[in-house]
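Observations on chain architecture
The residues making up each chain are set out below.
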Amino acid sequence: MAYHFENVKLEKGMYGRSGRSFSQTLEELDPSEHYRGTPLEGLDAFQRQLKRFDIKVKGAGSDCVEKFFHNTESAVLFPEFVSRVVRQGMEEESILPDITATVTRFDGMDYRSIASVPTEEQKTLKRVEEGAEIPQTRIRTQENLVRLHKRGRMLVASYEAIRFQRLDLFSVTLRQIGAYIGRMHLEDAIKVLCDGDGNKNPAQVFNVGTKPISGTAGTLSYEALVDFWSQFDPYTMNTLLVSSDMMLAMLKLSEFQNPLTGLNFQGTGTLTTPLGAKLLRTSALPAGTLVGLDKNYALEQISASEITVEYDKLIDRQLERAAITSISGFAKLFGEASKVLKV
């Protein structure tokens, strides 16, 4: 059976279209809706092109890298393959979705987020009498620009060195590159949560043993966690980022040894605190530090680009050095929705 994708002409220029990714361009030329009711239903345009050229990228029977370069058209698919596998590495085990309220796609490097900073009087839900003025919530743009950072890795390998490597094995290295990039974005996010995004909005810092946090400095107790949790009203501390040493200290607390808590962890792999907050460990935090936040209101992620690869070098087999990059930044939405606890 002949399919429409066989008539699609693949060329390098499909990567350079402004505001369009390679996958989006390919989908326009070969819409998925044309394949409803066929064996190819459920595949996107790129996956159908892999099938067109009989390139197997997964499993024990995966092809070698050189399969992409059997002709000039199939070679055009290689940068997109690299991009997708790197993105998979970024998303595996990533905790960014658990700490960001929203993701904004933005084409550029200068971004201003919005802010709403109500006074204590404006926070009060007052009854509106007949004919009275309705209380206002003012939304404005932030004073300073949010800094976006390019994060990436350089892929250094000659075509001769990798041409006979199985794609499944090559993907392991690409996923590791993605994991490195993802970790750098996470470090950027945590820095913004703690220090602010340049608009005079650093997180309020509390110290164990100093009012209103009870306990003894240098020691984490359940009472201190409860005191910290109580500082979030009207927000809810539904997420708790902890350093590795604080994770160990928390798990040793008797309150965390509740059988139901352990059963939930064993069944789902998700550890929640007795306070109801999702517990996330990260080495990006310094020792003795916890960051509490209301995930629904604390942080905005600005994505200025998807995974970008130097497609010219990859397509033309000049693979000695090819940059794989991603541009992203973070803005604080409501400053009081994130706070820091120092032990």
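Parameters and conventions
- Residues numbered from 1 in each chain as written.
- Predicted model: local features only at pLDDT ≥ 70, side-chain atom pairs only at ≥ 80, totals over all residues.
- Heavy atoms only, no water.
- Salt bridge = Lys/Arg side-chain N within 4 Å of Asp/Glu carboxyl O.
- Helix = DSSP H or I, 4+ residues; strand = E, 2+ residues; numbered from the N terminus.
- Core = buried A, V, L, I, M, F, W, Y, C linked by side-chain atoms within 4.5 Å.
- Buried < 20%, exposed > 50% of the residue type's maximum accessible area, 1.4 Å probe, protein only.

Turning our attention to the pattern of salt bridges. Tallied over the entire structure, the rule returns 16 salt bridges. Where D316 meets K12, a salt bridge forms, and the shortest distance between an N and an O atom there is 3.3 Å. Placement of D316 in the loop between α12 (311-315) and β12 (322-332) and of K12 in the segment before α1 (22-29) is noted, with a sequence separation of 304 residues between them. When the shortest N-O distance is used, the salt bridge between E66 and R163 registers 3.0 Å. You can see E66 sitting in the loop between α2 (45-52) and α3 (72-75) and its partner R163 sitting in the loop between α7 (159-162) and α8 (167-195), a full 97 residues away along the chain. Here the salt bridges share partners, and the residues they tie into one network are K12, D312 and D316.

The next point concerns the nonpolar core. What tends to happen in soluble globular proteins is that the nonpolar side chains get buried as a cluster. Ranked by internal contacts, the top residues of the largest apolar core, which has 40 residues, are F68, F78, F81, V82, L174 and I324. Looking at this core, the elements that each hand over two or more residues are α1, α2, α4 (78-91), α7, α8, α12 and β12. Sort the elements by how many residues they give to this core and α4 lands first, with six residues.

Shape is all these values report; function is a separate question.
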